[in-house]
Amino acid sequence: MGFLQNIFYSALALAIAFSYQTYRDITKPYPIPELDLNEYWGRGDVKNYKEDTTIKPFKISYSAEVIKRLTDKLDDAPVFAEPLEDTAFEYGFNTKHLQKILNYWKGQYLPKWNEREQFLNQFPQFTTQIQGLNIHYIHIKPKTTANTKVYPLILLHGWPGTVREFYDIIPLLTTPSDDNIAFEVIAPSLPGYGWSEAASKKGLGAAKIAVVFQNLMKRIGFNKYYVQGGDWGALIGTNMAAFFPENVLGFHSNMCTVDTPMANIKTFIASFYPSLFMDAKYVSWVYPFWPKFLTLLQEMGYLVIQSTKPDTIGATLTGNPVGHAAYILEKFSTWTNIEYRNLPDGGLEKYFTMDALLDNVMIYYLTNSITTSQRIYKEVFSSEFADSTINRVPVVVPSACAHFKHELMHQLEWTLPEKFPYLLQSNYYEDGGHFAAMQLPKILYKDFIDFVRKSLQVDQKKND
């Protein structure tokens, strides 16, 4: 114990040894950056652009010929290399199981495409033009009674997800709770994903997508709203809450991250004796740091490619349904639980149906959006567009974090106030992974509505 304390206090002394000016620089919150609310992302010269502000109904519709061409491509799938003996998903997607998925896709899923298309069209969908881009979104109003309190909510997905992730949680959100709370849900496809148009100009990263979605909410008619998101949706949602606190009623995420110098220092200090800084039963979620980091690193090959050469990997996947299935579904295996690498079927159907998984793959394939969806990595991580000061803008609205055990990485609780000074709840769940809305919709819903209740109580106290 004494040895550990000595290490701890030595590390603490090193952290404090920063000069006063440096300390002030790494801890001070940054002001909201100047935002161009009308920045143009469409084709050609903005001088030739006149925004069409109409909101148009949208339905997913593909001809029998399109589905036939896809079926033919699956018929022509290559003969795969045999997986190594005694391996599952440790080397990537197990080709024996991939063949089973392709057989199901071709033989059972595609013959009932009309049924799947009807399923995907069950919620009202629309498009509208924002800053030069046609943005697609689901918009569903709740079934309410006279006493129902309705709050607008924007749901934000990430990669390699789509709005399909939300199909099980939307009915929960739009059904009045026992205390008559319901939500009017907006679930947009990110620019370059699905039926949302991709940017034609460089630089549309998470911070600037936040502006696009703030403008979308204004277009639809919402001046005040809640935000929920995971993956890129978490970062975009964090930016929306930080940049537009007068509009965001509250921010809830199932992937809270804090990327500030002081948060990194705290994470390092806590590594010497974690139970001093967090509940002992959750220490194994974060530490030991290096083994956790090295395991995570094994799953980060896609990130290196997509943050440097997204169009190269995109070219190999475009028009390639087999590639789509392997590349996307692998993430639904290991990002749900990294231990699923050791299962011959990748654990894919432990929580998800094959129809649901293929719905998500189909959205990427049919819209030809695999390349454009990956460009956000380049926009966020490249030195040309990265702006670390944005990460230091605090979120000054009520916030909440839901931590699912098998998420790719976890933020140390001690660091969360660095970004979220008004954190109302931070709950931990012994199950669940990266795609929480799709995997455990009831648990995510309960966590979210509990947060909304707390935020309303805070708001009530302010008004009293």
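Scroll up for the structure.
Keep in mind that what you see is a predicted model, and the values were worked out from it rather than measured.

Asks: So what about the overall build of the protein chain? Which residues, and what values?
Replies: When you go through the protein chain residue by residue, the secondary structure sums to 19 helices and nine strands. Relative to the globule expectation of 23 Å for 464 residues, the C-alpha radius of gyration of the protein chain, 23 Å, shows essentially globular dimensions. Counting only residues that meet the buried cut, the protein chain has 54% of its 464 residues in that class. Contacts spanning at least 24 positions in sequence make up 81% of the contacts within the protein chain whose residues lie at least 6 apart. Entry remark: accessible area of the protein chain is about 21200 Å², with carbon and sulfur atoms responsible for 54%.

Asks: Which residues make up the pattern of salt bridges, and what are the values?
Replies: One pass over the structure, following the stated rule, counts 17 salt bridges. Between E39 and K208 there is a salt bridge, and its shortest N-O distance comes to 3.4 Å. Here E39, found in the loop between helix 2 (20–27) and strand 1 (56–58), pairs with K208, found in helix 7 (residues 206–220); they are 169 residues apart in sequence, far enough to count as distant. The shortest N-O distance in the salt bridge between D355 and K112 comes to 2.7 Å. Here D355 is found in helix 15 (residues 354–367), whereas its partner K112 is found in the loop between helix 4 (95–109) and helix 5 (113–120), with 243 residues between them in sequence. Judged by relative accessible area, which is 12%, D355 ranks as buried. Given the relative accessible area of 23%, K112 is considered partly exposed. The network of salt bridges with common partners includes D179, K446, D450 and R453.

Asks: Can you break down the layout of surface pockets residue by residue, with the values?
Replies: Here the second largest pocket defines a volume of roughly 310 Å³. The wall of the second largest pocket is formed by 17 residues, among which V248, L249, P398, D459 and K462 lie closest to the centre. Taken together, the elements giving at least two residues each to the lining of the second largest pocket come down to strand 7 (248–253) and helix 19 (441–463). Here the lining of the second largest pocket takes five residues from helix 19, the largest share from any one element. Here the lining of the second largest pocket is built from residues that sort into 12 nonpolar, one polar and four charged.

Asks: How would you summarise the side chain of K419 if you had to cite specific residues and measurements?
Replies: Tracing the sequence through the fold places K419 in helix 17 (residues 416–419). Although K419 lies buried, it forms no salt bridge, and the closest oppositely charged side chain, D259, sits 9.4 Å away as judged by the N-O distance. Apart from residues lying up to four places away in sequence, K419 is in contact with T238, T257, V258, I390, N391, R392, V393, P394 and V395.

Asks: Give me the lowdown on helix 13 (residues 310–317), citing residues and values where you can.
Replies: Among the residues of helix 13, P310, I313, G314 and L317 are the ones counted as buried. Angularly, the buried residues of helix 13 cover 105° about the axis, an arc narrow enough to put them on a single face. Looking at helix 13, the residues exposed on the side facing more than 90 degrees away from the buried face are T312 and A315. For helix 13, the secondary structure elements touched by its buried residues are helix 12 (301–306), helix 14 (321–334) and helix 16 (370–381). G319 lies just past helix 13 and shows a positive phi near 70°.

Asks: Any chance you could break down empty space enclosed by the protein for me, citing the residues and the numbers?
Replies: Rolled over the atoms, a probe sized like a water molecule indicates the empty space that remains. Within the structure shown, the criterion is met by two cavities of 30 Å³ or more. Looking at the largest cavity, it is lined by 16 residues, and the ones nearest its centre are H157, E165, G230, N254 and H434. Its residues assigned to classes, the lining of the largest cavity comprises six nonpolar, eight polar and two charged. Roughly 90 Å³ of volume is contained in the second largest cavity. As for the second largest cavity, its lining consists of N254, M255, C256, T257, A402, H403, F404, E407, M409, H410 and Q411. Taken together, the residues of the lining of the second largest cavity sort by class into five nonpolar, five polar and one charged.

Asks: Describe helix 8 (residues 232–243), with residues and values.
Replies: Taking 1.5 Å per residue, 12 residues should reach 16 Å; helix 8 reaches 16 Å between its end C-alpha atoms and fits that length. All of the buried residues in helix 8 are W232, G233, A234, I236, G237, T238, N239, M240, A241, A242 and F243. On the buried face of helix 8, the contacting elements are strand 4 (149–156), helix 7, strand 6 (225–229), strand 7, helix 16 and helix 17.

Asks: Give a detailed account of the pairing of strand 5 (residues 181–188), specifying residues and quantitative values.
Replies: The two faces of a sheet get side chains in turn, since along a regular strand they alternate between them. Of all eight residues in strand 5, eight are buried; the element is thus mostly enclosed. Here strand 5 shows no split at all, with I181, F183, V185 and A187 on one side and A182, E184, I186 and P188 on the other all buried.

Asks: Please provide a residue-by-residue account of the environment of G230, values included.
Replies: Residue position: G230 is located in the loop between strand 6 and helix 8. For G230 and P57, which are 173 residues apart along the polypeptide, the C-alpha to C-alpha distance reads 27 Å. Setting aside anything within four residues of it in sequence, one finds G230 in contact with L156, H157, G158, N254 and M255.

Asks: Could you give an account of the state of the cysteines, naming the residues involved and the relevant values?
Replies: Scanning the model with the defined rule gives one disulfide in all. What pairs with C256 in a disulfide is C401, and their sulfur atoms sit 2.1 Å apart. Every disulfide takes its handedness from the sign of the S-S torsion; for C256 and C401 that torsion is -100°, giving left-handed. In this pair, C256 sits in the loop between strand 7 and helix 9 (261–270) while C401 sits in strand 8 (residues 399–404), placing the two residues 145 residues apart along the sequence. The exposure class assigned to C256 is buried, which follows from its relative accessible area of 10%.

Conventions adopted
- Residues numbered from 1 in each chain as written.
- Predicted model: local features only at pLDDT ≥ 70, side-chain atom pairs only at ≥ 80, totals over all residues.
- Heavy atoms only, no water.
- Helix = DSSP H or I, 4+ residues; strand = E, 2+ residues; numbered from the N terminus.
- Rg over C-alpha atoms; globule rule 2.2 N^0.38 Å.
- Buried < 20%, exposed > 50% of the residue type's maximum accessible area, 1.4 Å probe, protein only.
- Contact = heavy atoms within 4.5 Å.
- Areas by Shrake-Rupley, 256 points an atom, 1.4 Å probe, with all protein chains shown as cover.
- Salt bridge = Lys/Arg side-chain N within 4 Å of Asp/Glu carboxyl O.
- 1 Å grid on protein atoms, 1.4 Å probe; cavity = no way out; pocket = protein on both sides within 12 Å on 5 of 7 lines; lining within 4 Å.
- Points joined across faces, edges and corners; volume = space filled by probe spheres on them.
- Nonpolar A, V, L, I, M, F, W, Y, C, P; charged D, E, K, R; others polar.
- Lys, Arg positive; Asp, Glu negative; His and termini not counted.
- Arc of directions from axis to C-beta.
- Expected span 1.5 Å × (residues − 1).
- Disulfide = S-S within 2.5 Å.

Honestly, that's just the spatial picture; any functional story needs more than this.
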